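The lines below spell out each chain.
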Amino acid sequence: MSTLTYAVSDSMTMLRRNLKHALRYPTMTLSVVAMPVMMLLLFNYAFGGALGAGISGAPTGGGTYIDYVAPGIILMAATAGAVATAVGVCVDMTEGIVNRFRTMSISRAAFLTGHVVGSVIQTLVAIALVIGVALAIGFRPDASPVEWLAAVGLLTLLTLALTWVSAGLGLVARTPESASNTPLPLTFLPFLGSAIVPTDSMPTGLRWFAEYQPFTPVIETLRGLLMGTEIGNSGYAALAWCIGLTLVGYVWARSSFGRTAKR
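Let us look at the structure shown here. (Residues numbered from 1 in each chain as written. Predicted model: local features only at pLDDT ≥ 70, side-chain atom pairs only at ≥ 80, totals over all residues. Heavy atoms only, no water.)

### A word on the packing of helix H7 (residues 145-172) against helix H11 (residues 215-227)
Packed helices, taken two at a time, are described by the angle their axes make and the gap between the axes.
Then, number 1: Remark: H7 packs on H11, axes separated minimally by 8 Å, with the N-to-C direction vectors making an angle of 160 degrees. Here H7 is positioned roughly antiparallel relative to H11, judged by the angle of their axes. Considering the relative orientation of H7 and H11, their crossing is left-handed. Together, Glu147, Trp148, Ala150, Ala151, Leu154, Leu155, Leu158 and Leu162 of H7 and Phe215, Val218, Thr221, Leu222, Leu225 and Leu226 of H11 make up the contact between the two elements. (Axes fitted to C-alpha atoms, helices over the stretch in contact; angles between N-to-C directions. Helix = DSSP H or I, 4+ residues; strand = E, 2+ residues; numbered from the N terminus. Parallel < 35°, antiparallel > 145°, perpendicular 65-115°, else oblique. Left-handed = near helix turned anticlockwise from the far one by under 90°. Contact = heavy atoms within 4.5 Å.)

### Focus on a nonpolar patch on the surface
Then, number 1: A cluster of nonpolar side chains, contributed by Leu192, Leu206, Trp208, Phe209 and Tyr212, occupies part of the molecular surface with about 530 Å² of accessible area.
Then, number 2: Along the chain, the position of Leu206 falls in helix H10 (residues 204-212). (Patch = residues over 30% accessible without salt bridge, like charges linked within 9 Å, V, L, I, M, F, W, Y side chains within 5 Å. Areas by Shrake-Rupley, 256 points an atom, 1.4 Å probe, with all protein chains shown as cover. Salt bridge = Lys/Arg side-chain N within 4 Å of Asp/Glu carboxyl O.)

### Description of the packing of aromatic side chains
Then, number 1: According to the stated counting rule, one finds six aromatic pairs in the structure shown.
Then, number 2: Seen in terms of ring centroids, Tyr65 and Tyr68 are 6.3 Å apart; in terms of plane orientation they differ by 20 degrees. Their pairing is stacked. Here Tyr68 and Tyr65 lie together in helix H4 (residues 65-94), a separation of three residues that amounts to about one turn. No difference in accessibility class separates Tyr65 from Tyr68, as the two residues are buried.
Then, number 3: Geometrically, the ring pair formed by Phe188 and Phe191 is stacked, given 5.8 Å between the ring centres and 25 degrees between the ring planes.
Then, number 4: Classification of Phe191 as partly exposed rests on a relative accessible area of 23%.
Then, number 5: Taken together, the ring pairs connect Phe43, Phe47, Phe188 and Phe191 into an aromatic cluster. (Phe/Tyr/Trp six-rings, centres within 6.5 Å; stacked < 30°, edge-to-face > 60°. Buried < 20%, exposed > 50% of the residue type's maximum accessible area, 1.4 Å probe, protein only.)

### Details of the layout of surface pockets
One simple way to see leftover space: roll a probe sized like a water molecule over the atoms.
Then, number 1: Computed from the structure, the largest pocket encloses a volume of approximately 560 Å³.
Then, number 2: Forming the walls of the largest pocket are 25 residues, and the residues nearest its centre are His21, Ala22, Met28, Ala84 and Gly88.
Then, number 3: Among the elements of the structure, helix H1 (3-24), helix H2 (27-46), H4 and helix H6 (108-136) are those that each provide at least two residues to the lining of the largest pocket.
Then, number 4: If one sorts the elements of the lining of the largest pocket by residue count, H4 sits on top with seven residues.
Then, number 5: Residue composition of the lining of the largest pocket, by class: nine nonpolar, 13 polar and three charged. (1 Å grid on protein atoms, 1.4 Å probe; cavity = no way out; pocket = protein on both sides within 12 Å on 5 of 7 lines; lining within 4 Å. Points joined across faces, edges and corners; volume = space filled by probe spheres on them. Nonpolar A, V, L, I, M, F, W, Y, C, P; charged D, E, K, R; others polar.)

### Notes on the side chain of Thr79
Then, number 1: Structurally, Thr79 can be placed in helix H4.
Then, number 2: Exposure remark for Thr79: the relative accessible area of 0% places this residue in the buried category.
Then, number 3: Excluding its chain neighbours within four sequence positions, the residues that come into contact with Thr79 are Leu162, Leu186, Thr187, Pro190 and Phe215.

### A word on the packing of H4 against H6
Then, number 1: Following both chains from N to C, one finds H4 and H6 inclined at 150 degrees, their axes separated by 9 Å at the closest point. By the angle between their axes, H4 is roughly antiparallel relative to H6. Our pair here, H4 against H6, has a crossing hand that is right-handed. Facing Ile66, Ala70, Ile73, Ile74, Ala77, Ala78, Gly81, Thr85, Gly88, Val89, Asp92 and Met93 of H4, the residues of H6 in contact are Phe111, His115, Ser119, Thr123, Ile127, Val130, Ile131 and Ala134.
Then, number 2: In terms of residue class, the contact of H4 with H6 is built from 13 nonpolar, six polar and one charged.

### Focus on H4
Then, number 1: The first and last C-alpha atoms of H4 sit 44 Å apart over 30 residues, in line with the 44 Å expected at 1.5 Å per residue.
Then, number 2: Taken as a whole, H4 carries its principal kink of about 25 degrees at Pro71.
Then, number 3: Of all the 30 residues making up H4, 26 are buried; the element is thus mostly covered by neighbouring parts of the structure.
Then, number 4: The positive-phi residue at the C-terminal boundary of H4 is Gly96, with phi of around 90 degrees. (Expected span 1.5 Å × (residues − 1). Bend = angle between axes of the 7 residues up to and from the residue.)

### What about the side chain of Asp67?
Then, number 1: Mapped onto the elements of the fold, Asp67 is located in helix H4.
Then, number 2: For the buried Asp67, no salt bridge exists, and the shortest N-O distance to an oppositely charged side chain is 6.9 Å, to Arg140.
Then, number 3: Among residues more than four places away in sequence, those in contact with Asp67 are Gly138, Phe139, Arg140 and Met227. (Lys, Arg positive; Asp, Glu negative; His and termini not counted.)

### Here's the deal with the nonpolar core
In globular proteins that are soluble, nonpolar side chains generally tend to be buried together.
Then, number 1: Among the nonpolar cores identified, the biggest contains 46 residues, and Leu40, Val69, Ile73, Ile74, Phe139, Leu158 and Ile196 are the most heavily contacted of them.
Then, number 2: Every element with two or more residues in this core is listed here: H2, H4, H6, H7, H11 and helix H12 (234-261).
Then, number 3: Ranked by residues supplied to this core, first place goes to H4 with 13 residues.
Then, number 4: Ignoring sequence-local partners within four residues, the contact set of Ile73 consists of Pro36, Met39, Leu40, Val130 and Ile196.
Then, number 5: By size, the runner-up hydrophobic cluster in this structure holds 12 residues, among which are Val89, Val98, Ala167 and Phe257. (Core = buried A, V, L, I, M, F, W, Y, C linked by side-chain atoms within 4.5 Å.)

What follows is the structure in structure tokens.
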């Protein structure tokens, strides 16, 4: 077999290993789902009346606040998966299993590939569950099948980007505890975007940051695809951010893994 065939075969083996771990120890996966679901319920039922009344496009009589906030919370499900990835990679690095892998005839790319693909699958399952909860409590998107496909593609690309970045965070973390803390800014950064309220309702300095941070164009693109709001240039910005973060995260993770091999 060729080198590429061996690499693909080894990566599939690592992927099965990570998926089996997720099934045997579902706590981390459940936490990925639990946080965005709790946020969705909190903002819809506790704050939805007050926030929705002040947002054009989500009046209490026609549309509802759930239609505005749900796309942002769905994106948060993608960011929540970053914590599970960082912890999983760090646990393998600190418990010595990676050193054992290095003594075996295994492709060096397989370890990270298995973790990344496995985490992407788990996160997409979590996103699907969050969408299901949103639909159950009143979220009513009017997207066509093509728009749904585009939305899923955007969420997959964002998940891939965040997974590579979080894999790099897991490689440089010294303990699983620190690995669980380092991706938290990614989890809460959507709050400083347009996930909960429009950016034009924010003070000037915060509004500038919210408009130019990575998650706002992704949220606006997702909201436009699902709810028919104007996307404008947000689609191009969202793709640029996702592709850029994927490349940066990939290079960082691969270089960090290479440095650990020389220790």
